[in-house]
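What follows is each chain in one-letter form.
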Protein chains: 2
Amino acid sequence: HTTTTYPTARRHVEDAGDKGTETVALCPPGRKARQSAQLPPRPRRFGLERHGEETLMGKYGDDSKLIYELQDQGGELLALRYDLTVPFARYLAMNKITNIKRYHIAKVYRRDNPATTRGRYREFYQCDFDIAGQFDPMIPDAECLKIVHEILSELQLGDFLIKVNDRRILNGVFAICGVPDSKFITTCSTVDKLDKIPWEDVRSEMVGEKGLSPEAADRIGEYIQLHGGLDLIEQLLQDPKLSQNKLAKEGLGDMKLLFEYLTLFGITGKISFDLSLARGLDYYTGVIFEAVLVQQKNNQVEEPVSVGSVAGGGRYDGLVGMFDPKGRKVPCVGVSIGIERIFSIMEQRVKASGEKIRTTETQVLVATPQKHLLGARLKLISELWDAGIKAEMLYKKDPKLLKQLQYCEDTGIPLVAIIGEQELTDGVVKLRVVTTREEVNIPREKLADEIRRRLEPCSLSVQSCLTV
Amino acid sequence: HTTTTYPTARRHVEDAGDKGTETVALCPPGRKARQSAQLPPRPRRFGLERHGEETLMGKYGDDSKLIYELQDQGGELLALRYDLTVPFARYLAMNKITNIKRYHIAKVYRRDNPATTRGRYREFYQCDFDIAGQFDPMIPDAECLKIVHEILSELQLGDFLIKVNDRRILNGVFAICGVPDSKFITTCSTVDKLDKIPWEDVRSEMVGEKGLSPEAADRIGEYIQLHGGLDLIEQLLQDPKLSQNKLAKEGLGDMKLLFEYLTLFGITGKISFDLSLARGLDYYTGVIFEAVLVQQKNNQVEEPVSVGSVAGGGRYDGLVGMFDPKGRKVPCVGVSIGIERIFSIMEQRVKASGEKIRTTETQVLVATPQKHLLGARLKLISELWDAGIKAEMLYKKDPKLLKQLQYCEDTGIPLVAIIGEQELTDGVVKLRVVTTREEVNIPREKLADEIRRRLEPCSLSVQSCLTV
């Protein structure tokens, strides 16, 4: 239940959008409605992003072709949002928000070829967490990585690795390798392919398509095949050429800081400073990261094989300014969790395990042993509902008791509240434990409490799901 | 937190779509991932509804013009979904599901003029609950009304009234008043306006636009201005003309049954059998209902003034069949809760109350009293996070203690975990209660438990939010 807020529930997080609307409506006014009072102004209700220079274009680099354009009858040129980051940035600029931490789970659209088995769709959910504001270096960045580590660990998706790099380091590398500034971004998208295609192909794309000199490509190749930890950072800080590059020096300094913080979080074991990580998108300005599930090849911990990315993000300090009429900047760092991918992995695992699982939380089935007692069932179930018990009954006038008990067996409902003529006259309800078939008569007014008492562990586990 | 599942959490409910994806991703795999295993196949991932005869058209009557058409680059003729009911029906047919109860909270689109203050947008959330399957008459229908009653009561939106009617009764009325079958649906949309415009205007639209005879219009007028309860049902069952009409007789019989069930649920006080209720949409085939917030005019309980609809629904037994190649029917009854409207009402109320409210659940702020202790804060907060405590800290290297305490005052964080040089050497943490300013040293390894212990009531209230 709290899962949507799970990664952030422990921290101060504003909910800037959809969830706010989703969760408030059916909640006792006491809690959530009040809560929503201080939420930041809600984002432009019309979720379709205006298409064209000012909003979507020129922010996704080569991926722009995946933007889901569409023309509405009003003749407005519109497109479906491609991710949650650009809309978030626009939202901050529009509402002059300079300091916010929020999560957002919502749909995005890509004109891509769906691969449903791998959890890739044309319409799919993204789950973003972002920290916006002017803060001391790398503290929010470290928290983002801590959250990714926490999520992937607790979901037990298997072994994973979080690659980190910094756009400034990459640009520094490009610069000292003789790549003209104008080709940094496009070179980035090529480098980004190194996890999918071998270096040779990346190299030939650099030289051919992107028009770099073979020498430049080879020099880049030497750098981007490096990966490691603090040691590598130190090594590069000593690198005669790279250490002379202002951007790279900044990036390496922050990377060192980041690793210090991650060490305090105790998660460096799964973090790899990897110079081949480039991330396709234009808007990153500093640290970038990507989490991949890995399979160990005969204990070569050095070289685990990636089996796909499940989270990615980075720092984008310029994006909000692009939407602000006066260009006021709001530094941001954020991460997107690939929940569709993660969902399909979990789904497959559960299918494989063949476990039988309950799909509901129903605590008790209200049943009758004789005919002409539908009224008694309706009255009792309504009492239980009003007492907050999760109860159901068969939508039949006169169901056979056996059918009702069978239904509990099939759906895993733990308790049956049986009300027959005898129970009605005695003012009791027969409470039956499905597994043990034990039956006890409970005074009707005590039934709800008795059900709660018997299901205590269950409700506890629910709470632990809330607080853990 | 449980709010999205709130109206149905006590009952057996499948989650057929968005929420499934939303809620699984960030949940410990134990619970939700397993849970999802037995969910019905997910709906067509590409949420845009194909536009044209076969899907969206000819199902919304006069409202069809509000369908949000759009043209994608692939040249496919597409439209954004207008509601959740038609997609749900298509989903059942596509997946051959003959028996399901589910809720669904998601966005729908209308090419309407937004009225944001009244919670009306072009893109907005709907919250639907539907019961599909062949069951004994009016039992699921009664549960839908019970749920609406429950939601509106617990949200304390003020006094409300749930109007119920039956399309078969209306059609019967039209028939005996001399309306040709071909004009039933269009006459329905005119009758539906009776809550917005006076009878005279409705009448003239019937005679003018819809081409009914003045006599027919007047006869209809006599009927549709009737409203009441069981008494009115009995009276109409005795009505010489209406009782002769097969459809009307069926409808009245079921209406009587419905009121018996609603009496057992103890909610008839807020239910009104109202013959003027027509509902605009084409697809209803039986009982229809609409919940309105009302203001009592000087205790005339008979004639409360409606201040707007907050929920509506009904039975649609033919819709699934329209999507099934073999026309196999799956009877359905469902309700849509106007959560945007409800949200804006609650938002306004909270604004008016001027209460100061927390927007986060942060339990403790990790603070340091001296400089150069960022590392100590990071280490401690990560321990607390790992222990499931909702902790945060300022993203500053060396924040002043006063600033940190002030932040708690401002945001309502109840506890501060202060770690300074002394505490580090003593292996303790100074736990400060923000309101009382009381401070106690807690052995570091006991800190998480102590925080939980002190916030017990809070976590209890969270649990009660789960189970109530």
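- Under an unreviewed UniProt entry, the name given to chain A is histidine--tRNA ligase, and the source organism is Dromaius novaehollandiae.
- Of chain A, the UniProt comment under Sequence similarities (unreviewed entry) reads exactly: "Belongs to the class-II aminoacyl-tRNA synthetase family."
- Taken verbatim from the UniProt record of chain A, the Catalytic activity (unreviewed entry) comment is "tRNA(His) + L-histidine + ATP = L-histidyl-tRNA(His) + AMP + diphosphate + H(+)".

### Remarks on the overall build of chain A
- Scanning chain A from N- to C-terminus turns up 17 helices and 17 strands.
- Across chain A, the fraction of contacts at a sequence separation of at least 24, relative to all contacts at a separation of at least 6, is 65%.
- Approximately 18400 Å² of chain A is accessible, and the part contributed by carbon and sulfur atoms is 53%.

### Some words on helix H7 (residues 199–207) of chain B
All names here are of chain B.
- For H7, the full list of buried residues reads Trp199, Val202, Glu205 and Met206. Seen from one end, H7 has its buried residues packed into an arc of 125°, which puts them on one side.
- Elements in contact with the buried residues of H7: helix H6 (184–191) and helix H8 (214–224).

### What to know about the packing of aromatic side chains
All names here are of chain B.
- Under the defined criterion, the tally for this structure stands at 10 aromatic pairs over all chains.
- When the centroid spacing of 5.8 Å and the interplanar angle of 55° are considered together, the rings of Phe174 and Phe184 count as tilted. Here Phe184 lies in helix H6 and Phe174 lies in helix H5 (residues 167–176), a separation of 10 residues in the sequence.
- Phe174 sits in the buried class, given a relative accessible area of 0%.

### Examining the UniProt feature "binding site: L-histidine" (unreviewed entry) in chain A
Residues and elements named next belong to chain A.
- The sites that UniProt annotates as "binding site: L-histidine" (unreviewed entry) are Asp83, Leu84, Thr85, Arg110, Gln126, Asp130, Arg279, Tyr283 and Tyr284.
- Checked against the element boundaries, Arg110 lands in the loop between strand S5 (100–109) and strand S6 (123–132).
- Tracing the backbone through its elements, the reader meets Tyr284 in the loop between strand S9 (271–274) and strand S10 (287–295).
- Assessed through its relative accessible area of 8%, Tyr284 is described here as buried.
- Once residues lying within four places of it in the same chain are set aside, the contact partners of Tyr284 are Arg167, Arg279, Gly313, Gly314, Arg315 and Tyr316.
- There is a polar contact of 3.3 Å between the side chain of Tyr284 and the side chain of Arg279.

### Brief notes about the sheet that holds strand S16 (residues 428–433) of chain A
Residues and elements named next belong to chain A.
- Strand order in the open sheet formed by five strands is S14-S13-S15-S16-S17, with mixed pairing between adjacent strands. Both edges of this open sheet fall to strand S14 (391–392) and strand S17 (439–443), since each of them pairs with a single strand only.
- Across four bridges, strand S15 (residues 415–418) lies against S16 in antiparallel orientation. Within S16, the residue paired with Val416 across the bridge is Arg432.

### Quick word on the sheet that holds strand S14 (residues 391–392) of chain B
All names here are of chain B.
- A sheet is described by the order of its strands in space; here five strands give the open sequence S14-S13-S15-S16-S17, paired in mixed fashion. Of all strands in the sheet, those with a lone pairing partner are S14 and strand S17 (439–443), marking the two edges.
- One ladder, built from four bridges, connects strand S13 (residues 364–367) with strand S15 (residues 415–418); its direction is parallel. Bridging from a neighbouring strand, Leu365 pairs with Val416 of S15.
- Sheet strands touched by helix H16 (residues 447–454): S13, S15, strand S16 (428–433) and S17. Its angle to S16, the strand with the most contacts, is close to 15°.

### Some words on helix H8 (residues 214–224) of chain A
- Of the positions making up H8(A), those classed as buried are A:Ala216, A:Ala217, A:Ile220, A:Gly221, A:Tyr223 and A:Ile224. Buried residues of H8(A), viewed axially, fall in a sector of 165°; they line one side.

### Points about the environment of B:Pro325
- Along the polypeptide, B:Pro325 turns up in the loop between helix H11 (319–323) and strand S12 (332–337).
- Considered as a pair, B:Pro325 and B:Met94 are 231 residues apart in the sequence and their alpha carbons are 9.1 Å apart.

### Structural notes on the environment of A:Cys188
Residue and element names in this part refer to chain A.
- As for its position among the elements, Cys188 is in helix H6 (residues 184–191).
- Spatially, the C-alpha atoms of Cys188 and Ile381 are 62 Å apart, while their sequence positions differ by 193 residues.
- The residues contacting Cys188, other than those within four sequence positions of it, are Arg167, Leu170, Phe174 and Ala278.

### Some details on the pattern of salt bridges
Residues and elements named next belong to chain A.
- Per the stated rule, a full pass over the model turns up 52 salt bridges over all chains.
- Taking the shortest distance from any N to any O, the salt bridge between Glu205 and Lys210 comes out at 3.7 Å. Of the two residues, Glu205 and Lys210, both sit in the buried class.
- Residue Lys430 pairs with Glu423 through a salt bridge whose shortest N-O separation is 3.3 Å.
- Residue classification places Lys430 among the partly exposed residues on the basis of a relative accessible area of 21%.
- Taken together, the shared-partner salt bridges in this structure form one network comprising Asp166, Arg168, Lys246, Glu250 and Asp254.

### Things to note about a positive patch on the surface
- Together, A:Lys371, A:Lys396, A:Lys400 and A:Lys403 make up a region of like positive charge exposed at the surface.
- Relative to the assigned elements, A:Lys403 resides in helix H14 (residues 401–411).

### Looking at the pairing of strand S6 (residues 123–132) of chain B
Residue and element names in this part refer to chain B.
- Taken across its 10 residues, S6 has 10 buried, putting it largely inside the fold.
- Two elements, S6 and S12, share six bridges in a ladder whose sense is antiparallel. Looking at the pairing, Cys127 lines up with Ile337 of S12.

### Some words on the side chain of B:Asn165
All names here are of chain B.
- In this fold, Asn165 is placed in strand S7 (residues 160–166).
- Exposure remark for Asn165: the relative accessible area of 0% places this residue in the buried category.
- In terms of polar contacts, Asn165 uses its side chain to reach the backbone carbonyl oxygen of Leu275, at 3.3 Å.
- Within the local environment of Asn165, its side chain forms a polar contact with the backbone oxygen of Leu277, the two atoms lying 2.8 Å apart.
- Setting aside its immediate chain neighbours within four residues, Asn165 contacts Leu170, Met255, Phe273, Asp274, Leu275, Ser276, Leu277, Gly286, Val287 and Ile288.

Thresholds applied
Residues numbered from 1 in each chain as written. Chains lettered and ligands numbered in written order. Predicted model: local features only at pLDDT ≥ 70, side-chain atom pairs only at ≥ 80, totals over all residues. Heavy atoms only, no water. UniProt positions renumbered as here; feature names shortened; annotations may be inferred. Helix = DSSP H or I, 4+ residues; strand = E, 2+ residues; numbered from the N terminus. Contact = heavy atoms within 4.5 Å. Areas by Shrake-Rupley, 256 points an atom, 1.4 Å probe, with all protein chains shown as cover. Buried < 20%, exposed > 50% of the residue type's maximum accessible area, 1.4 Å probe, protein only. Arc of directions from axis to C-beta. Phe/Tyr/Trp six-rings, centres within 6.5 Å; stacked < 30°, edge-to-face > 60°. Polar contact = N/O pair within 3.5 Å; in protein donor to acceptor, adjacent residues only side chain to side chain. Pairing = 2+ DSSP bridges. Axes fitted to C-alpha atoms, helices over the stretch in contact; angles between N-to-C directions. Salt bridge = Lys/Arg side-chain N within 4 Å of Asp/Glu carboxyl O. Patch = residues over 30% accessible without salt bridge, like charges linked within 9 Å, V, L, I, M, F, W, Y side chains within 5 Å. Lys, Arg positive; Asp, Glu negative; His and termini not counted. Charge placed at Lys NZ, Arg CZ, Asp CG, Glu CD.

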